[in-house]
Amino acid sequence: MIKRRLGKTNLMVSIIGFGAIKLPQVNFETSNKILNKALDLGINFVDTARSYGDSEEKIGSAISDRRNEFYISTKSSALTYEDAKRDIETSLKNLKTDYIDLYLCHNPNRPEKFEKVIGPDGALKALKEAREDGVIGHIGFSCHRYHETMEKGILSGEFEVIMVSYNLLNDEFNEGRILPLAKKMDVGVIAMKPLAGGFLAAPPPDLLKKSGIPISAETALRFVLSNEAVTTAIPGMMRIEEVEENARIGGNFTPLSEDERSFLREAVESMSKEFCRGCYYCQPCPQGILIPIILRQLAYYKYYGLREWAKGRYVMVEVKADSCIKCGQCVEKCPYNLNIPEMLAEAHSLLH
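What counts, and at which threshold
- Residues numbered from 1 in each chain as written.
- Predicted model: local features only at pLDDT ≥ 70, side-chain atom pairs only at ≥ 80, totals over all residues.
- Heavy atoms only, no water.
- Helix = DSSP H or I, 4+ residues; strand = E, 2+ residues; numbered from the N terminus.
- Buried < 20%, exposed > 50% of the residue type's maximum accessible area, 1.4 Å probe, protein only.
- Contact = heavy atoms within 4.5 Å.
- 1 Å grid on protein atoms, 1.4 Å probe; cavity = no way out; pocket = protein on both sides within 12 Å on 5 of 7 lines; lining within 4 Å.
- Points joined across faces, edges and corners; volume = space filled by probe spheres on them.
- Nonpolar A, V, L, I, M, F, W, Y, C, P; charged D, E, K, R; others polar.
- Pairing = 2+ DSSP bridges.
- Disulfide = S-S within 2.5 Å.
- Phe/Tyr/Trp six-rings, centres within 6.5 Å; stacked < 30°, edge-to-face > 60°.
- Lys NZ or Arg CZ within 6 Å of the ring centre and 35° of its normal.
- Axes fitted to C-alpha atoms, helices over the stretch in contact; angles between N-to-C directions.
- Parallel < 35°, antiparallel > 145°, perpendicular 65-115°, else oblique.
- Left-handed = near helix turned anticlockwise from the far one by under 90°.

1. Considerations on the side chain of Asn 227
Looking at the element boundaries, Asn 227 is found in the loop between helix H9 (217-225) and strand S10 (232-233). For Asn 227, a relative accessible area of 13% corresponds to the buried category. The residues touching Asn 227, leaving out its near neighbours within four places in the chain, are Arg 4, Tyr 166, Glu 175, Leu 179 and Arg 261.

Here it is, written out as structure tokens:
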């Protein structure tokens, strides 16, 4: 497995890390198998979070006896010193370890949240104290969408690592500003959602026809890792086959040329405007519509051929799509400029 230096932490991590966000969807036995397989295949970076259900417990149960073979990263959404201190203690217990290599402040995206985290009695104080005590090794933060917060974090000198959403569909537009700044400041970059929540691993056939080129997990991961600012990509995994494929890509990685990257961007442009990523920025809806849930069923109906299944799921949705009054609030909040009212109308027409 190819390894890269994670910024100023100096940790040499595998370019494919294990994203443990999906572990709550499988049982302990399956978690044990896929985590050990990941280590066997050379993946030495495992990322989880306090908010990922029982993910920490499953990691602790499966591979705590192989602790010297991997780096562990976890995250806390706590804003205050006391809450973060409590989360660190819980993480240590769940992971069955006395040392966490990397601890991140989990998505303090809005300016007021970020200021609270780095304030006198904020979560950062607890992380720095834990680092001084030798309980954690390095401090980072994750962030979605808010470039001002990302820039502040990178330039503050307080954080050694940043985790951002970055993929072939150019999620959250980090490539232009954030990644070059992180590289300049020697802040390690972890790319979350490299497969756009799994979408790029198996794109709908109808959308693939529009792109005109093969799109696969390998293409998507090569795109992300061809950016020299990125140290590691952490696709979520919950099956042995996923671990094996991703590890193979990390072991045989060859970068794309800039021409190939540009061509891929152009090819998927049509795809990027036709589906919901489920980022939930459009929520809450004043009418109580669970927009991402409904648009997911629309995608299953239109692109995956799961028509009856999608209809059955739509029946269970309490507030149907025809409750939309076209107020436009969701459109203003959507970072991908989707015409959500029009998509909701189509969903109701096809699914009800």
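2. Focus: empty space enclosed by the protein
For the structure shown, the criterion picks out four cavities of 30 Å³ or more. In this structure, the largest cavity occupies an estimated 110 Å³ of space. In terms of lining residues, the largest cavity is bounded by 17 residues, among which Cys 285, Pro 286, Cys 324, Cys 327 and Cys 330 are the most central. Those elements giving two or more residues to the lining of the largest cavity turn out to be helix H15 (329-333) and helix H16 (340-351). Ranked by the residues each element gives to the lining of the largest cavity, the list is headed by H15, at three residues. For the lining of the largest cavity, the per-class residue count stands at 12 nonpolar, three polar and two charged.

3. Things to note about the layout of surface pockets
Here the largest pocket is characterised by a volume of approximately 1,600 Å³. As for the largest pocket, its lining consists of 49 residues, of which Lys 22, Lys 193, Ala 196, Gly 197 and Gly 198 are closest to the centre. Counting residues per element, the ones that place at least two in the lining of the largest pocket are helix H10 (240-251) and helix H13 (291-303). Top contributing element to the lining of the largest pocket by residue count: H13, with five residues. Of the residues in the lining of the largest pocket, the class split is 26 nonpolar, 11 polar and 12 charged.

4. Examining the pairing of strand S6 (residues 100-105)
Within S6, six of the six residues are buried, which leaves it mostly tucked inside the rest of the structure. Bridge count between strand S5 (residues 71-76) and S6: four bridges; the pairing is parallel. Counterpart to Ser 73 in the pairing with S6 is Leu 102. Direction of pairing for S6 relative to strand S7 (residues 136-142): parallel, over a ladder of five bridges. Counted as the bridge partner of Cys 105 is Phe 141 from S7.

5. Considerations on the state of the cysteines
As used here, a disulfide is simply a covalent bond connecting the sulfur atoms of two cysteines. Evaluation of the coordinates by the stated rule reveals zero disulfides. As a non-bridged cysteine, Cys 105 has Cys 143 as the owner of its nearest cysteine sulfur, 11 Å distant. For Cys 282, which is in no disulfide, the shortest distance to another cysteine sulfur is to Cys 276 and amounts to 6.1 Å.

6. With respect to the sheet that holds S5
Ordered in space as S3-S4-S5-S6-S7-S8-S9-S10, the eight strands form an open sheet in which the pairing is parallel. Among the strands making up the open sheet, the edge pair consists of strand S3 (18-19) and S10. Relative to S10, strand S9 (residues 188-192) runs parallel, the two sharing two bridges. Along S10, the bridge assignment pairs Ile 190 with Thr 232.

7. A closer look at the packing of aromatic side chains
A complete count under the given rule lists four aromatic pairs for this structure. With a centroid separation of 6.2 Å and an interplanar angle of 55 degrees, the aromatic rings of Phe 114 and Phe 141 are classed as tilted. You can see Phe 114 sitting in helix H4 (residues 111-118) and its partner Phe 141 sitting in strand S7, a full 27 residues away along the chain. As far as the burial class goes, Phe 114 and Phe 141 line up, both buried. Each ring, one from Phe 114 and one from Phe 159, has its centre 6.2 Å from the other, and the planes form 45 degrees; the classification is tilted. You can see Phe 114 sitting in helix H4 and its partner Phe 159 sitting in the loop between helix H6 (147-156) and strand S8 (161-165), a full 45 residues away along the chain. Among the residues examined, Phe 159 registers a relative accessible area of 1% and is labelled buried. Each residue in the set Phe 114, Phe 141 and Phe 159 is aromatic and connected to the rest through ring pairs, giving one cluster. Stacked on the ring of Tyr 314, the Lys or Arg Lys 320 has its end atom at 5.6 Å from the ring centre.

8. Remarks on the packing of H4 against H6
A pair of packed helices can be characterised by two numbers: the angle between their axes and the separation between those axes. Relative to each other, H4 and H6 sit at 20 degrees, their axes nearing to 9 Å. As summarised for this structure, H4 and H6 are arranged roughly parallel, according to the angle between their axes. For the pair H4 and H6, the sense of crossing is right-handed. Only Thr 149, Lys 152 and Gly 153 of H6 make contact with H4, whose side of the interface consists of Pro 111, Phe 114 and Glu 115. When the residues that make up the contact of H4 with H6 are grouped by side-chain class, the tally is two nonpolar, two polar and two charged.

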